Amino acid sequence: IERVKILLQLQNSLKGNNASAVKGGSSTISLGNGRLTAMQVWRSVYNEQGVLAFWRGNTPNVLRQGGTTALNFMLMDWYKQAIQTPLAYTLKLPSNRSPEARKKRRARLSSFLSGGLAG
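Residues numbered from 1 in each chain as written. Predicted model: local features only at pLDDT ≥ 70, side-chain atom pairs only at ≥ 80, totals over all residues. Heavy atoms only, no water.

Draft legend 1. Structural context of the confidence of the model for the chain. This prediction gives the chain a mean pLDDT of 80; 82% of its residues lie at or above 70. Per-element mean pLDDT across the chain ranges from 55 in strand 1 (residues 21–24) up to 90 in helix 2 (residues 38–49). (pLDDT = per-residue confidence, 0-100. Helix = DSSP H or I, 4+ residues; strand = E, 2+ residues; numbered from the N terminus.)

Take a look at the structure:
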């Protein structure tokens, strides 16, 4: 969860300032002294602010991931269509494999290539 990751990253910057608390929105989370594990930060957030605190500030991440995923999904289909045409010519080349095996292999290769190109 992003919130725990950010708090873990902030504890190093707070160490130099001799601070032991992180101001998070309208409330403060006490992280104590020393280096904390992800589980300790998770417990601290849960005990002091509740379950909903884990999703505080998560909207930009959701929007970023949603846009990226939609773009990758759209581009993968487009790349797959573009790759299928050149790969169709490979069926005309001589081979020891059966036509069904060659078609299966071509489908796997086009999925692999289009997924790689889409990102």
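Past the structure itself, the notes keep going.
Draft legend 2. Just the packing of helix 3 (residues 59–88) against helix 4 (residues 99–118), in detail. At a minimum axis separation of 8 Å, helix 3 and helix 4 run at an interaxial angle of 135°. Put simply, helix 3 runs oblique to helix 4. Every pair of crossing elements has a handedness; the one defined by helix 3 and helix 4 is right-handed. Counting all contacts with helix 3, which are made through Asn72, Leu75, Met76, Tyr79, Lys80, Ile83, Gln84, Leu87 and Ala88, the residues of helix 4 involved are Arg106, Leu109, Ser110, Ser111, Leu113, Ser114, Gly115, Leu117 and Ala118. Taken together, the residues of the contact of helix 3 with helix 4 break down into 10 nonpolar, six polar and two charged. (Axes fitted to C-alpha atoms, helices over the stretch in contact; angles between N-to-C directions. Parallel < 35°, antiparallel > 145°, perpendicular 65-115°, else oblique. Left-handed = near helix turned anticlockwise from the far one by under 90°. Contact = heavy atoms within 4.5 Å. Nonpolar A, V, L, I, M, F, W, Y, C, P; charged D, E, K, R; others polar.)

Draft legend 3. The arrangement of a positive patch on the surface in detail. On the surface, a cluster of positive charge is made up of Arg97, Lys104, Arg105 and Arg108. Positionally, Arg105 belongs in helix 4. Given the relative accessible area of 44%, Arg105 is considered partly exposed. (Patch = residues over 30% accessible without salt bridge, like charges linked within 9 Å, V, L, I, M, F, W, Y side chains within 5 Å. Areas by Shrake-Rupley, 256 points an atom, 1.4 Å probe, with all protein chains shown as cover. Salt bridge = Lys/Arg side-chain N within 4 Å of Asp/Glu carboxyl O. Lys, Arg positive; Asp, Glu negative; His and termini not counted. Charge placed at Lys NZ, Arg CZ, Asp CG, Glu CD. Buried < 20%, exposed > 50% of the residue type's maximum accessible area, 1.4 Å probe, protein only.)

Draft legend 4. Spotlight on the packing of aromatic side chains. On inspection of all chains with the given rule, the structure shows four aromatic pairs. Relative to Tyr46, the ring of Trp42 lies with its centre 5.6 Å away and its plane at 5°, an arrangement referred to as stacked. Within this pair, Trp42 and its partner Tyr46 are both found in helix 2, separated by four residues, close to a single helical turn. What links up through ring pairs into an aromatic cluster is the set Trp42, Tyr46, Phe54 and Trp55. (Phe/Tyr/Trp six-rings, centres within 6.5 Å; stacked < 30°, edge-to-face > 60°.)

Draft legend 5. Examining the pattern of salt bridges more closely. A complete count under the given rule lists one salt bridge for this structure. Linking Glu2 and Lys5 is a salt bridge whose minimum nitrogen-to-oxygen distance equals 3.2 Å. Highlighted residues: Glu2 and Lys5, both in helix 1 (residues 2–16), separated by three residues, approximately one helical turn. A residue is classified by how much of its surface remains accessible, and Glu2, at 28% relative accessible area, is partly exposed.

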